[in-house]
Amino acid sequence: MRSRLSHTLGTLGQEILLVVVILALFAVVGSVNARFLSQHNLTSIFVGNAYIAVAAIGMSLVIISGNIDVSIGALIGVLAVISGLLATNGYPIWLAWLAPLVLGALINTLVGCLIAYAKVPSIIATLAMLSILSGGLITFTGGRWISGLPAGYQLAQFRLLDVPSPVWFMIGMTILAALLMRYTAFGRSVYAVGSNAEAARASGISHAATVVKVFAIHGAIGGVAAVLFATQLQVIQSTVPVGLELVIITASVVGGVSILGGVGTVFGSTLAAILFAAIGSSLIFLNVSAYWLRAVQGVLILATVLADMARRRRTG
Amino acid sequence: MTAVTRVLVRHEAILAILFVVALFVLAAQSDRFLTTANLLNQARLMTEVGLIAIPMTFVIVTGGIDLSVGSILGLCAILVGVFWQNAGLPLPAAIVLSLLAGTLAGFANGVIITRFRVPPLIATLATLALYRGLAEGISQARSVRGYPAWFATLGQGELLGIPSQLWLFALVAIVGIFILRFTTFGRTTYAIGNNEAAAEFSGLAVERTKLLIYTASGFVSALAAIVFVSRVSTTRSDMGTGIELEVITAVVLGGTSIFGGRGMVVGTLIGLCLMQILQNGLSLSGVRGDGTTVVIGAVLIVAVLISNVLSRFSND
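Residues numbered from 1 in each chain as written. Chains lettered and ligands numbered in written order. Predicted model: local features only at pLDDT ≥ 70, side-chain atom pairs only at ≥ 80, totals over all residues. Heavy atoms only, no water.

Chain B appears in an unreviewed UniProt entry as Autoinducer 2 import system permease protein LsrD from Jiella sonneratiae. Under Subcellular location (unreviewed entry), UniProt gives the following word-for-word description of chain B: "Cell membrane". Chain B has a UniProt comment under Function (unreviewed entry) that states "Part of the ABC transporter complex LsrABCD involved in autoinducer 2 (AI-2) import. Probably responsible for the translocation of the substrate across the membrane." (UniProt positions renumbered as here; feature names shortened; annotations may be inferred.)

In the nomenclature of an unreviewed UniProt entry, chain A corresponds to Autoinducer 2 import system permease protein LsrC from the organism Jiella sonneratiae. Regarding chain A, the UniProt comment filed under Subcellular location (unreviewed entry) reads as follows: "Cell membrane". Its UniProt record gives chain A the following Subunit (unreviewed entry) comment, quoted word for word: "The complex is composed of two ATP-binding proteins (LsrA), two transmembrane proteins (LsrC and LsrD) and a solute-binding protein (LsrB)."

Below is the structure:
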């Protein structure tokens with residue numbers, strides 16, 4: 001019980017740290033260039049990156065269960081194109097919004113089965129999916145962008161109480177996932193499977209079924225992210241954003257989800273996604289070339305992982 | 001041990017039969033396939049993947065993985081161009097410095113994995129982002145062209161009627177076969193993959209062996225970068241993106257267990273050839289480049305499934 005308490009405190013520490021870093025970043029960059037804090041810029045930071053935060057929720061579940069998914073960027077690209085094609089080919093808009101969720105869950109259920117029942121390691125299964133999905137997407141679309149989207153399709157441009165809808169999705173889904181992970185038997189089984197697979201098996205938790213469910217949920221959440229991604233502009237780029245899976249994994253890991261599984265919360269990953277978005281925007285306002293963004297992300301993920309390992313060794 | 005050897009023999013026999021069947025099918029499909037010119041050209045094209053696949057076989061036999069090889073390739077390619085064109089160094093010096101940088105990058109992977117006990121998957125996923133980020137930051141998306149004519153000999157020339165880089169590849173492959181089969185280092189590599197704790201308690205140099213293997217992986221990735229730049233006569237920061245997938249597919253297809261402990265360089269070579277003629281045959285029969293990555297992904301999953309089934313079979 002005590003170890004659980006200290007774990008909770010430990011991950012909460014990560015979240016408080018993230019909030020402090022985000023506020024400090026806003027203060028420093030804002031004092032160098034006041035336009036950074038303009039409402040226009042703040043809105044674009046959140047709206048343009050909320051889908052990453054949403055996808056990071058599912059990724060956190062996957063990593064907590066002791067797995068990894070490098071195909072999520074490609075999946076988001078494929079689902080966004082499917083959504084766009086449905087919308088432009090006269091299907092009802094609600095179907096274009098809903099189909100990515102269902103398809104995402106179905107595709108990832110298949111991946112989950114490969115991992116859980118056929119014992120293909122998650123890195124291999126999802127690496128293969130990455131190549132199948134991204135290769136298939138480019139072959140199918142030829143890299144053409146989808147335009148001529150019908151009116152009322154742009155879900156991500158809607159506002160409620162003057163707050164853009166992606167922000168509502170980000171907050172709402174983070175809270176939902178946090179409740180799911182904390183207060184349901186399923187949530188506890190995800191932690192159990194990730195922290196000690198043998199013990200989980202001994203206490204009657206089906207390892208395979210839990211992993212498949214985690215991947216199915218992750219796929220559905222990826223579908224939501226794909227809809228937010230597809231509906232933010234007037235066109236849909238039919239190529240997979242390069243390195244998107246790394247940004248999402250980095251958000252989860254920097255958010256305090258332990259790479260060894262079993263530990264972490266979804267609040268942290270959402271905060272980390274906000275931090276990345278803010279860093280990306282800061283580079284522009286500080287006149288640093290955006291080409292350094294990925295290097296900064298690499299340093300951040302490496303530093304977090306090393307800190308995680310050091311903390312684990314200290315606590316035993 | 002005999003059971004393991006039997007499975008290996010069987011796996012390689014299956015592969016060899018598959019290879020011959022594929023040769024016949026493809027030769028029947030296109031009369032441009034089974035010509036010396038085409039086969040030598042295919043061998044030229046597979047050299048970069050093949051080079052990296054040799055140390056990757058060692059990495060996977062220890063039960064590890066190196067996802068950063070494509071980023072090291074990209075970083076080293078950029079560094080050759082930058083050292084030569086921007087820093088004004090003579091090209092041979094630029095090549096040596098770039099090889100050093102790749103070795104250092106691999107060494108850094110090894111240190112993170114052995115000293116800080118970060119799982120190889122996560123360590124190299126982080127450095128995948130970091131090294132690619134450095135390549136992008138350093139190059140600022142500018143490509144370098146205009147290499148002197150002599151430099152093209154390595155990537156485009158011939159020696160005794162055989163593409164020059166194949167001699168280099170053959171040398172690296174023979175060194176790899178020799179070390180893995182006939183040296184203490186090779187036996188330590190297998191021991192680590194079979195049971196790392198046991199290997200450590202038997203007094204084997206586990207840390208040093210792993211450190212050397214990841215360092216070698218970095219060095220050979222840099223070597224592949226030089227061959228790549230020489231072959232295409234330009235340098236771009238996105239070079240080698242996704243090459244880790246092809247490398248890992250070749251190794252796993254070649255019978256090396258993704259869980260470590262068994263595998264041979266010869267198997268990797270057969271896996272590599274099989275993959276290359278599959279890609280070539282597909283493109284000759286009209287499938288575009290992106291379509292072949294779909295096939296590679298599918299082949300990777302099937303290869304792991306077969307290897308899982310075979311190993312379960314041998315356990316009975």
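Read on, since the account is not over.
## Section: the overall build of chain A
When you go through chain A residue by residue, the secondary structure sums to 12 helices and two strands. Along chain A, helices and strands appear, N-terminal first, in the series α-α-α-α-α-β-β-α-α-α-α-α-α-α. Computed over C-alpha atoms, the radius of gyration of chain A comes to 19 Å, within 12% of the 20 Å expected from 2.2 N^0.38 for 316 residues, which places it in the range of a compact globule. Oriented by its inertia axes, the alpha-carbon framework of chain A measures out at about 55 × 50 × 35 Å. Put simply, chain A has 316 residues, and 54% of those count as buried. For chain A, the proportion of contacts with a sequence separation of at least 24, taken over those separated by at least 6, is 81%. Taken as a whole, chain A presents about 13300 Å² of accessible surface, with 70% of it coming from carbon and sulfur. If the 15 positive side-chain charges of chain A are averaged to one point and the 6 negative ones to another, these points end up 5 Å apart. (Helix = DSSP H or I, 4+ residues; strand = E, 2+ residues; numbered from the N terminus. Rg over C-alpha atoms; globule rule 2.2 N^0.38 Å. Buried < 20%, exposed > 50% of the residue type's maximum accessible area, 1.4 Å probe, protein only. Contact = heavy atoms within 4.5 Å. Areas by Shrake-Rupley, 256 points an atom, 1.4 Å probe, with all protein chains shown as cover. Lys, Arg positive; Asp, Glu negative; His and termini not counted. Charge placed at Lys NZ, Arg CZ, Asp CG, Glu CD.)

## Things to note about the packing of aromatic side chains
All names here are of chain B. Evaluated as defined, the whole model comprises five aromatic pairs over all chains. For the ring pair Trp 84 and Tyr 147, a centre distance of 4.9 Å and an interplane angle of 20° mean the geometry is stacked. Of this pair, Trp 84 sits in helix α3 (residues 69-86) while Tyr 147 is found in the loop between α5 (120-139) and α6 (152-156), placing the two residues 63 residues apart along the sequence. Residue classification places Tyr 147 among the buried positions, given a relative accessible area of 13%. With centroids separated by 5.4 Å and ring planes inclined at 50°, the aromatic side chains of Tyr 147 and Phe 151 adopt a geometry described as tilted. A relative accessible area of 4% places Phe 151 in the buried class. Following the ring pairs from residue to residue traces out a cluster consisting of Trp 84, Tyr 147, Trp 150 and Phe 151. (Phe/Tyr/Trp six-rings, centres within 6.5 Å; stacked < 30°, edge-to-face > 60°.)

## Description of the pattern of salt bridges
All names here are of chain B. Counted according to the given criterion, the structure contains six salt bridges over all chains. A salt bridge links Arg 117 to Glu 207; the shortest N-O distance between them is 3.1 Å. Of this pair, Arg 117 sits in the loop between α4 (91-114) and α5 while Glu 207 sits in helix α10 (residues 206-232), and the two are 90 residues apart along the sequence. On the basis of relative accessible area, Arg 117 is assigned to the partly exposed category, the value being 43%. Glu 207 sits in the partly exposed class, given a relative accessible area of 25%. Each of Arg 115, Arg 117 and Glu 207 takes part in one network of salt bridges that share partners. (Salt bridge = Lys/Arg side-chain N within 4 Å of Asp/Glu carboxyl O.)

## With respect to the UniProt feature "transmembrane region" (unreviewed entry) in chain B
Residues and elements named next belong to chain B. The positions that UniProt labels "transmembrane region" (unreviewed entry) are, in the present scheme, residues 51-84, 91-112, 166-184, 211-229, 250-279 and 291-310. The distance from the first to the last C-alpha atom of residues 166-184 is 28 Å, and the span holds 95% helix and 0% strand. Structurally, residues 211-229 is divided into 100% helix and 0% strand, and its ends, taken at the C-alpha atoms, are 27 Å apart.

## Here we look at the nonpolar core
It is characteristic of soluble globular proteins that their nonpolar side chains tend to be buried jointly. Judged by nonpolar contacts, the single largest core of 184 residues is most densely connected at Ile 76 and Ile 248 of chain A together with Ile 248 of chain B. With 14 residues, helix α2 (residues 39-64) of chain A is the largest single contributor of residues to this core. Look past the residues within four positions of Ile 248 of chain A in its chain and what remains in contact with it is Ile 52, Ala 55, Ala 56, Met 59, Ile 72 and Ile 76 of chain A. (Core = buried A, V, L, I, M, F, W, Y, C linked by side-chain atoms within 4.5 Å.)

## Section: the confidence of the model for chain A
If pLDDT is low for a region, its predicted coordinates should not be looked at in detail. Here chain A averages 81 in pLDDT, and 92% of its residues register 70 or above. Helix α9 (residues 207-230) of chain A holds the highest mean pLDDT among the elements of chain A, 91, whereas helix α1 (residues 2-32) of chain A holds the lowest, 70. (pLDDT = per-residue confidence, 0-100.)

## As for the confidence of the model for chain B
All names here are of chain B. Scored by pLDDT, chain B comes out at a mean of 85, with 95% of its residues at no less than 70. Helix α1 (residues 2-29) is the least confidently modelled element of chain B, averaging 72 in pLDDT, while α4 averages 94, the highest of any element. Here the complex is predicted with pTM 0.84, and the ipTM for its interfaces comes to 0.77.

## With respect to helix α7 (residues 164-182) of chain B
Residues three or four positions apart in an α-helix share a direction because the helix packs 3.6 residues into each turn. Along its 19 residues, α7 of chain B runs 28 Å from first to last C-alpha, staying within 8% of the 27 Å computed at 1.5 Å per residue. Along α7 of chain B, the residues that are buried comprise Ser 164, Gln 165, Leu 166, Phe 169, Val 172, Ala 173, Gly 176 and Leu 180 of chain B. (Expected span 1.5 Å × (residues − 1).)

## Here's the deal with a nonpolar patch on the surface
All names here are of chain A. Taken together, the side chains of Ile 171, Ile 175, Leu 179, Tyr 183 and Phe 267 present a nonpolar region at the surface, about 500 Å² in accessible area. No other element matches helix α6 (residues 165-183), which puts four residues into the nonpolar patch. With respect to the helices and strands, the residue Ile 175 is situated in helix α6. (Patch = residues over 30% accessible without salt bridge, like charges linked within 9 Å, V, L, I, M, F, W, Y side chains within 5 Å.)

## Topic: the packing of α6 of chain A against helix α11 (residues 266-285) of chain A
All names here are of chain A. The geometry of α6 relative to α11 is characterised by a closest axis approach of 9 Å and an angle of 155° between their N-to-C directions. The angle between the axes of α6 and α11 places the two elements in the roughly antiparallel class. Seen from α6, the contacting residues are Met 170, Thr 174, Ala 177 and Ala 178; seen from α11, they are Val 266, Phe 267, Thr 270 and Ile 274. Partitioned by chemical class, the residues of the contact of α6 with α11 number six nonpolar, two polar and no charged. (Axes fitted to C-alpha atoms, helices over the stretch in contact; angles between N-to-C directions. Parallel < 35°, antiparallel > 145°, perpendicular 65-115°, else oblique. Nonpolar A, V, L, I, M, F, W, Y, C, P; charged D, E, K, R; others polar.)

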